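# Fold and geometry: a report
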Protein chains: 2
Amino acid sequence: MDEVLADTLVQFLRYYNDEHGTAFSKQDVEGKKFCDVVPSAHKTKVQRYPLSPGFFRDIPVMAQSQDTVMALNGVYEVFIATAAMEYPNSFAPKYEWLKEHFPFIPDSHIVFCGDKSIVAADYLIDDSPRHFSRFKGEGILFTASHNIGDDRYYRVNHWDDVRRRFLSPDH
Amino acid sequence: MDEVLADTLVQFLRYYNDEHGTAFSKQDVEGKKFCDVVPSAHKTKVQRYPLSPGFFRDIPVMAQSQDTVMALNGVYEVFIATAAMEYPNSFAPKYEWLKEHFPFIPDSHIVFCGDKSIVAADYLIDDSPRHFSRFKGEGILFTASHNIGDDRYYRVNHWDDVRRRFLSPDH
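Residues numbered from 1 in each chain as written. Chains lettered and ligands numbered in written order. Predicted model: local features only at pLDDT ≥ 70, side-chain atom pairs only at ≥ 80, totals over all residues. Heavy atoms only, no water.

### Description of the relation of the copies chain A and chain B
Expressed as a screw operation, the relation of chain A to chain B combines 0.0 Å of axial shift with a rotation of 180°, fitting to an RMSD of 0.0 Å. The transformation relating the two chain copies, once decomposed into turn and shift, fits a two-fold axis. Residue by residue, 100% of the interface of chain A is reproduced at the interface of chain B, so both copies engage with the same surface. (Least-squares fit on C-alpha atoms with pLDDT ≥ 70 in both. Contact = heavy atoms within 4.5 Å.)

Spelled out as structure tokens, the structure:
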């Protein structure tokens, strides 16, 4: 969900820039985590932004994710899995966000978990390579600033790449 | 979780008896669902009890579940999966309940889902046979009033049976 369906980095940038009057952009974060880009005295504060009640509710939707997931959902059985257990106060806003932006995914196909090795699927599209280590299917790495340079997995840079891989006539 | 770790039927009985001054007991429900035992005019109301904010927070713990799951956790990798998506307002109370009664299960090993076919595990101990139909491992049916008579799966009547099956020296 985060950094794949939800453009979570944009939310971090918003929170920080609003608070500090800065103008950090995605380009400034390339190849890093945002908490390592800000002054070190601010690192913990940035890591705690997701604990804010509103953080997960109004994250922008990742470009082309809605129409691509809808198209995938017509051909595959799609589940949305998110490591929500990292932030237990995120359950309700994450659920509401999914209902708003991906209403065509039924409740039965939403999974809040911690360790995604528990997910039984053929493919897992994720920005965090750590979820692939014990996953039984194929991990598809969705490009995020923090995973650039990791060449261990099949990589997609955006949802158009997912469409080409899984929905082109010769896929 | 419900009817396996949490004695959810007891909570239904409590809610109903408190409201109506009745004395329904587990024996009255044997072989049925509680909503089919009460007068038909009350059926919908009973089905809506889980929507009450406090419903999932103070359900009694199923006998012997804590020590048995703790013992299992020393030998197996244990995940707790619950079909929480049926009642989205249950996320927070279910999580708090688990933290109180099963604090030795880390967040990484808690799964809130809908359709448990998404769970990748060798065994699934559950009271609802519907979760076994597409589950890839072995379904272990935990006896509950509503599943008596279903002989399609390996059955355990209580947590001592689980202990015998999975923790006896010759298991």
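### Section: the nonpolar core
If you look at the biggest cluster of nonpolar residues, it comprises 76 residues, and the most contacted ones within it are Phe34, Phe112 and Trp159 of chain A together with Phe34, Phe112 and Trp159 of chain B. Not counting the four nearest positions on each side in its chain, Trp159 of chain A is found in contact with Val4, Leu5, Met62, Ala63, Gln64, Ser65, Thr68, Val69, Leu72, Ile125 and Phe142 of chain A. With 14 residues, the next largest nonpolar core counts Val111, Ile118 and Val119 of chain A together with Leu124 of chain B among its residues. (Core = buried A, V, L, I, M, F, W, Y, C linked by side-chain atoms within 4.5 Å. Buried < 20%, exposed > 50% of the residue type's maximum accessible area, 1.4 Å probe, protein only.)

### A short note on the side chain of Thr8 of chain A
With respect to the secondary-structure elements, Thr8 of chain A resides in helix 1 (residues 8-20). Separated by 3.3 Å, the side chain of Thr8 of chain A and the backbone nitrogen of Glu3 of chain A make a polar contact. (Helix = DSSP H or I, 4+ residues; strand = E, 2+ residues; numbered from the N terminus. Polar contact = N/O pair within 3.5 Å; in protein donor to acceptor, adjacent residues only side chain to side chain.)

### With respect to helix 5 (residues 91-101) of chain B
Within the sequence span of helix 5 of chain B, burial applies to Phe91, Pro93, Lys94, Tyr95, Trp97, Leu98 and His101 of chain B. Check the buried side of helix 5 of chain B and you find it contacts helix 5 (91-101) and strand 2 (110-112) of chain A together with helix 4 (65-73), strand 1 (80-82) and strand 2 (110-112) of chain B.

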